[in-house]
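Secondary and tertiary structure notes
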Amino acid sequence: MTQQKQKQINLRIPGPTPVPPDILEAVGHPMINHRGGEFSAIVSRITAHLKAFFLTQQEVMVLTCSGTGGLEAAVVNVLSPGDKVLAVSIGSFGNRFATIAEVYGADVTMLAYDWGQAASADDVSKALKAEPDIKAVLVTHNETSTGVTNPLAEIAAVVRAADKLILVDAVSSLAAIPFEMDAWGLDVVVTGSQKGWMVPPGLAFVALSDRGWQAFDSARMPRFYFDLAKHRESQTKGQTPFTPAMSVFFGLDVALARMADEGLESIHTRHRRIGDMTRREVKALGLELFCEDERFASDTVTAVKAPDGIDVNALRTMMEDEHDTILAGGQARLSGKIFRIGHLGLVDEDDIRLTMDALAQSLEKLGFTRPTA
Ligand SMILES: *Cc1c(COP(=O)(O)O)cnc(C)c1O
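Residue numbers here run from 1 along each chain, matching the order of that chain's written sequence. Under the rules for a predicted model, residues below a pLDDT of 70 receive no local features and side-chain atom pairs below 80 are neither given nor counted, while totals for whole chains, interfaces and linings still include all residues. Excluded from the side-chain calculation are hydrogens and water; included are all heavy atoms of the structure.

Quick look at the overall build of the protein chain now. Labels follow the DSSP assignment, with helices taken as runs of H or I lasting at least four residues and strands as runs of E lasting at least two, numbered in each case from the N terminus. Across its full length, the protein chain carries 14 helices and 13 strands. Over its C-alpha atoms the protein chain spans a radius of gyration of 21 Å, differing by no more than 12% from the 21 Å that the globule rule assigns to 373 residues. Residue burial in the protein chain is summarised as follows: out of 373 residues, 57% are buried. Any two residues whose heavy atoms approach within 4.5 Å are treated as being in contact. Pairs at least 24 apart in sequence give 73% of the contacts found in the protein chain among residues at least 6 apart. A 1.4 Å probe and the Shrake-Rupley method give the accessible areas. Residues count as covered only by the protein chains that appear here. Put simply, the protein chain shows about 15400 Å² of open surface, and 50% of that area lies on carbon and sulfur atoms. Asp and Glu count as negative and Lys and Arg as positive, but His and the ends of the chain are not part of the count. By convention, the point assigned to a charge is CZ for Arg, NZ for Lys, CD for Glu and CG for Asp. Each charge class in the protein chain was averaged separately, 36 positive and 47 negative side chains, and the resulting centres sit 2 Å apart. The quantity called the radius of gyration is restricted to C-alpha atoms. Its globule counterpart is 2.2 Å times the number of residues to the power 0.38. Exposed residues in this analysis have more than 50% of their type's maximum accessible area, buried residues have under 20%, and partly exposed residues fall in between, with area computed by a 1.4 Å probe over protein chains only.

The next point concerns the site of the ligand. Throughout, the term near means that a residue has one or more heavy atoms lying within 4 Å of the molecule or strand in question. Around the ligand, a shell composed of 13 residues is seen, among which S66, T68, T144, D169 and K195 lie nearest. G67 places a polar main-chain atom, nitrogen or oxygen, 2.9 Å from an oxygen atom of the ligand. The fraction of the free accessible surface of the ligand (380 Å²) that becomes covered by protein chains is 88%. Classification used: nonpolar for Ala, Val, Leu, Ile, Met, Phe, Trp, Tyr, Cys and Pro, charged for Asp, Glu, Lys and Arg, polar for all others including Gly. When grouped by side-chain class, the residues that make up the shell around the ligand number 2 nonpolar, 8 polar and 3 charged. For the purposes of these results, a polar contact is taken to be a pair of N or O atoms within 3.5 Å, where, inside protein, one atom must be able to donate a hydrogen and its partner to accept one; residues adjacent in sequence count only when each atom of the pair is a side-chain atom.

For the rest of this paragraph, the subject is the confidence of the model for the protein chain. pLDDT runs from 0 to 100 and stands for how confident the predictor is about each residue. The predicted model of the protein chain has a mean per-residue pLDDT of 96, with 98% of residues at 70 or higher. A low-confidence stretch, residues 1-5 (pLDDT under 50), is modelled with 1 contact involving residues beyond four sequence positions or located in other chains.

Here 7 strands make up an open sheet; going across it, the order is β2-β10-β9-β8-β5-β3-β4 and the pairing mixed. The open sheet is flanked by β2 (60-64) and β4 (107-112), the only strands paired with a single partner. Here the strands of the sheet are splayed against their neighbours by 20 degrees on average, with no regard to which way each runs. Strand pairing is assigned whenever DSSP detects at least two bridges linking the two strands. Here strand β9 (residues 188-192) runs beside strand β10 (residues 203-208); their pairing, made up of 5 bridges, is antiparallel. In the sheet register, V189 faces β10, and the bridge partner there is A207. For helices, the fitted line uses only the C-alpha atoms of the stretch in contact; every axis is such a line through C-alpha atoms, and the angle between N-to-C directions lies from 0 to 180 degrees. The strands touched by helix α3 (residues 37-54) within the sheet are β2, β9 and β10, with β2 carrying the most contacts at an inclination of about 115 degrees. The sheet contacts of helix α7 (residues 152-161) involve β5 (136-140) and β8 (165-169), and relative to β8 the element is tilted by about 160 degrees.

Structure representation (structure tokens):
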């Protein structure tokens, strides 16, 4: 009843992303025994599908936590206190990854960029040469706070050449834009259910390479809930070591089948097309992208500079009140300076068209006039 009455909202934030009705219905499945056969069949199906999306032969562990829990799991399973780590940061999620490592006692060197820029493989290579005893590199694939995608394959290549570990935050990229764990030589990969996967928040997916598992054997940071060997062992029996967020598993089972039907390539093509369309329309409105070099503009989230004289909060409130369209603001130092349009997971051209119409009307009502060049 309430569901039917609920108005259609156009949720255009970079996570949580919209969940289609069939998946929402699956999420409402009654509870079953999490140690029983029905659930173990779901676990097996899910993990088999996830490998195909990570493009890995490794086991992908499904953890009950948000993406940040996955990042914490990445750090504590392969590092020891005192280990030297190079943290590549182009925004607030890059900083978060570095902070987690620091909190657990890693010796962190930052390779930080101005927000809006992408990292370069050359800089990473130089930083690794400057500090040869660095053990691991932390990098964000798609920086959700700035709408910039790092050239991950190139960065991974220089990290491989230097024989270091590479830990990747792929929370807002995996399953949406091209990503190849094994082919690119990535050692730890983390993503989260509420971004590209069309399911609610609550799960993180983590995989380790053979090098990652070797590092696991000697890693001494404290871990209990996130001990990945426990998760791997349980999963091979179709279980999880602790009670999982079963409802999200039910939804994910349906989501992954639907995504497999669409196909990885088609999903990537759709995100590319929608990303291009979003940027084109943003510029056509006379607005500026926050990303400095459009070659690195994200196909999952577009960050837009707040135009002079327009209050971002007023704009977002008007979009929500009058158009049922929800945009994200800027995080941390970007608060009030940008707004962000999420376009990952369940998104098509119509969603962007609606968003752009709402944006154009709201800007006009707030007195924005297209700058003349
Ligand atoms: C959303 C996100 C996270 C994790 O956030 P949670 O709120 O903990 O799920 C981490 N990194 C990136 C790049 C993200 O977009």
